[in-house]
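Take a look at the letters that make up each chain.
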Amino acid sequence: MNQIAVIGLGVMGKAIAQNMMNHGFRVAGYNRTYAVTETMQGKENFIGYKELKDAIESLEKPRKIFMMVPAGPVVDAMIDQLEPFVEAGDIVMDAGNSYFEDDARRGKRLEKLGVHYLAVGVSGGEMGALHGPSIMPSGSKEAYDQVAFILETIAAQKDGEPCCTYIGPEGSGHYVKMVHNGIEYADMQLIVEAYIAMKAAGMSNQSISDVLESWNQGPLESYLLSITIKILREKDPDTQKDLVDLIVDASSNKGTGKWTSQCALVQDINVSLIHGAYMARLTSNDEELRHRFPKVQSHIELDTEQLRQAYFLARVVAYEQGFRLYSDASKRYGWDLNLSKIASIFRAGCIIQANLLEYIRDTFGRLGPDASLFDDFEEMAIAHLPALKTIVTTGLLHDISMPLFTAALTYIIPMQQVALGANLIQAQRDFFGAHTFKRVDKEGVFHHHWE
Ligand SMILES: NC(=O)c1ccc[n+]([C@@H]2O[C@H](COP(=O)([O-])OP(=O)(O)OC[C@H]3O[C@@H](n4cnc5c(N)ncnc54)[C@H](OP(=O)(O)O)[C@@H]3O)[C@@H](O)[C@H]2O)c1
């Protein structure tokens, strides 16, 4: 009998099914379009089914069903289709990028049938899915314990540990994946801003790639830098030009960065870099406004060591903002998230895998969930702040927009400022709305008759 069904054999489903098969798990495959399933028929440890019913009935009990379909109504529709064939004790996993608030509803629906539901965040793209992704499962712990032998085997391994750990109840796994993507948006945009700055300094793609390669070690080493180094060296086979220069300057998104931003507003957490990264993608698509203004060719003098320092500090701010979301969500939703373990499973397999995660794992491991990355990086921040200031001011003076470097700077500067002027806000609020204020010289709450 088959051990697990993979439902949805698209880019991710096919790769993760192959990963399971490579590890000796017997996989039942089902895809809406059977022609796709057929392309996998005959592979070792795989049987593809035309009918969903047959795929489910081919499974050992309790049945383990791994859905890899687009988030939203498709997941509900798949659960509708699965409902007649599953029974008490079975485990349905939604491994797509579903919105975490949908998980509680889906979990309750399946719970009525005695069926377990797991919300499973998966990161790593196609190659990660094939060779070992980072996996963030949540929901019933009892159900997780029954699928752990598969998920922990197919996950990336780092220092002998699987990059898969039980995250917590309900949709916490999808939440953790969502914020992972928010951090990913921010880090991608920071690399873009460094690239744009180096282009404005007259550097070729090859020399930008060489600089990024020199950065890609120690605490700055990361998957995103590694792929960018390769991208900048890639030639278009047809024209032999640098492929990156032939790609339209407008970026897409599938919504997880936007969701992270929306959640941060609900949680009252400042995620200015994640938000800014999403806004930068929107700006890149604003054809009308971008065509309206005359173009300025920028030329700057650039010290790439200063740029490296600015990038290092800004990247720490991006991760700090993401992990503050985790810390707050842990309390707000009662999930009891282990931030050190989350950092640990991000160390390999996922898109934001980076050496920095080793430091973050250590910080939260030693200091607990309320730690700040600046508990360990304060000295670096103070030392790198002048470089960040120079990069931001040079860029802005020469018409180079650096929304995330700027956001990182304006995140740090207020922390050092003696006064922020919030006293004047309080006075204004009290003037027009009798909202009251506190005083520096007396206890209590006051209202003043301003006129
Ligand atoms: N791509 C990534 O890097 C990545 C990384 C992590 C997570 N994810 C998440 O993984 C999930 C799958 O992504 P993907 O990249 O594999 O997408 P994909 O290549 O577009 O594949 C989508 C799969 O879902 C099936 N599907 C679509 N609409 C359906 C419907 N109405 N009913 C039944 N099946 C339907 C498709 O079947 P047909 O062949 O019949 O169309 C296909 O098997 C998404 O939630 C995505 O956000 C993706």
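Residues numbered from 1 in each chain as written. Predicted model: local features only at pLDDT ≥ 70, side-chain atom pairs only at ≥ 80, totals over all residues. Heavy atoms only, no water.

### Things to note about the domain arrangement of the protein chain
Here the protein chain is partitioned into domain 1 (4–170), domain 2 (176–416) and domain 3 (421–451). Computed from C-alpha atoms alone, the centre-to-centre distance between domain 1 and domain 2 is 31 Å. Opposite the 29 residues of domain 1 that make contact, domain 2 presents 24 residues. Carbon and sulfur atoms make up 65% of the surface buried where domain 1 meets domain 2, a total of about 1900 Å² over both sides. Counting the surface domain 1 buries against domain 2, the share from its top three residues, Tyr 99, Phe 100 and Ile 167, is 25%. Summed over the shared surface of domain 1 and domain 2, the number is 3 salt bridges. Here Arg 347 and Asp 159 are joined by a salt bridge, their closest N and O atoms 3.3 Å apart. Elements with a contribution of two residues or more to the side of domain 1 that touches domain 2: strand S6 (116–123), helix H6 (125–131), strand S7 (134–139), strand S8 (157–158) and strand S9 (161–162). (Domains from an automatic or database assignment. Contact = heavy atoms within 4.5 Å. Buried area = accessible area lost by both parts, 1.4 Å probe. Salt bridge = Lys/Arg side-chain N within 4 Å of Asp/Glu carboxyl O. Helix = DSSP H or I, 4+ residues; strand = E, 2+ residues; numbered from the N terminus.)

### A short note on helix H18 (residues 403–416)
Think of an α-helix as turning once every 3.6 residues; residues three or four places apart then point the same way. An ideal rise of 1.5 Å per residue puts 20 Å on 14 residues; H18 measures up with 21 Å between its terminal C-alpha atoms. The set of residues buried in H18 consists of Leu 404, Phe 405, Ala 407, Ala 408, Leu 409, Tyr 411 and Ile 412. Structurally, H18 contributes buried residues whose contacts are with helix H8 (172–200), helix H12 (272–284), helix H14 (304–332) and helix H17 (374–397). (Expected span 1.5 Å × (residues − 1). Buried < 20%, exposed > 50% of the residue type's maximum accessible area, 1.4 Å probe, protein only.)

### What to know about the sheet that holds strand S3 (residues 46–49)
Spatial strand order, S3-S2-S1-S4-S5-S6-S7: 7 strands in an open sheet with mixed pairing. A single partner strand is all that each edge strand has here, and the edge strands are S3 and S7. Strand-to-strand twist in this sheet, taken as the mean axis angle between neighbours without regard to direction, amounts to 25°. Two elements, strand S1 (residues 4–7) and strand S4 (residues 64–67), share 3 bridges in a ladder whose sense is parallel. In the strand pairing of S4, Val 6 is matched with Phe 66. Against the sheet, helix H4 (residues 73–82) contacts S1, strand S2 (27–30), S4, strand S5 (91–94) and S6, and its axis sits at roughly 155° relative to S4. (Pairing = 2+ DSSP bridges. Axes fitted to C-alpha atoms, helices over the stretch in contact; angles between N-to-C directions.)

### Notes on the UniProt feature "active site" (unreviewed entry) in the protein chain
According to UniProt, the feature "active site" (unreviewed entry) maps to Lys 177 and Glu 184 in the numbering used here. On the secondary structure map, Lys 177 appears in helix H8. Leave out the neighbours within four places in its chain, and Lys 177 touches Asn 97, Gly 121, Val 122, Ser 123 and Met 136. Polar contacts involving the side chain of Lys 177 include one to the side chain of Asn 97, which spans 2.8 Å. For Glu 184, the location among the structural elements is in helix H8. Given the relative accessible area of 14%, Glu 184 is considered buried. Apart from residues lying up to four places away in sequence, Glu 184 is in contact with Leu 224, Ile 351 and Ile 352. (UniProt positions renumbered as here; feature names shortened; annotations may be inferred. Polar contact = N/O pair within 3.5 Å; in protein donor to acceptor, adjacent residues only side chain to side chain.)

### Points about the site of the ligand
The environment of the ligand is formed by 20 residues, the closest being Val 11, Met 12, Asn 31, Arg 32 and Thr 33. A distance of 2.8 Å separates an oxygen atom of the ligand from a polar atom in the backbone of Met 12. Within the backbone of Val 69, a nitrogen or oxygen atom sits 3.0 Å from an oxygen atom of the ligand. Burial of the ligand by the protein amounts to 74% of the accessible area it has alone, namely 900 Å². Counting only elements with at least two residues in the shell around the ligand, the list comes to helix H1 (11–22) and H4. Grouping the amino acids of the shell around the ligand by side-chain chemistry returns 11 nonpolar, 7 polar and 2 charged. (Near = heavy atom within 4 Å. Areas by Shrake-Rupley, 256 points an atom, 1.4 Å probe, with all protein chains shown as cover. Nonpolar A, V, L, I, M, F, W, Y, C, P; charged D, E, K, R; others polar.)

### A look at the nonpolar core
Inside soluble globular proteins, nonpolar side chains tend to come together where they are buried. Trp 215, Tyr 319, Phe 323, Tyr 326, Phe 346 and Phe 405 are the most contacted members of the largest nonpolar core, which has 88 residues in total. Looking at which domains feed residues into this core, each of domain 1 (4–170) and domain 2 (176–416) supplies at least three. Residues within four places of Trp 215 in sequence aside, it is in contact with Ala 194, Met 198, Leu 220, Glu 221, Leu 225, Thr 304, Leu 307, Arg 308 and Tyr 311. Counting 32 residues, the second-largest nonpolar core is a separate cluster that includes Ala 17, Leu 118, Val 147 and Ile 154. (Core = buried A, V, L, I, M, F, W, Y, C linked by side-chain atoms within 4.5 Å.)

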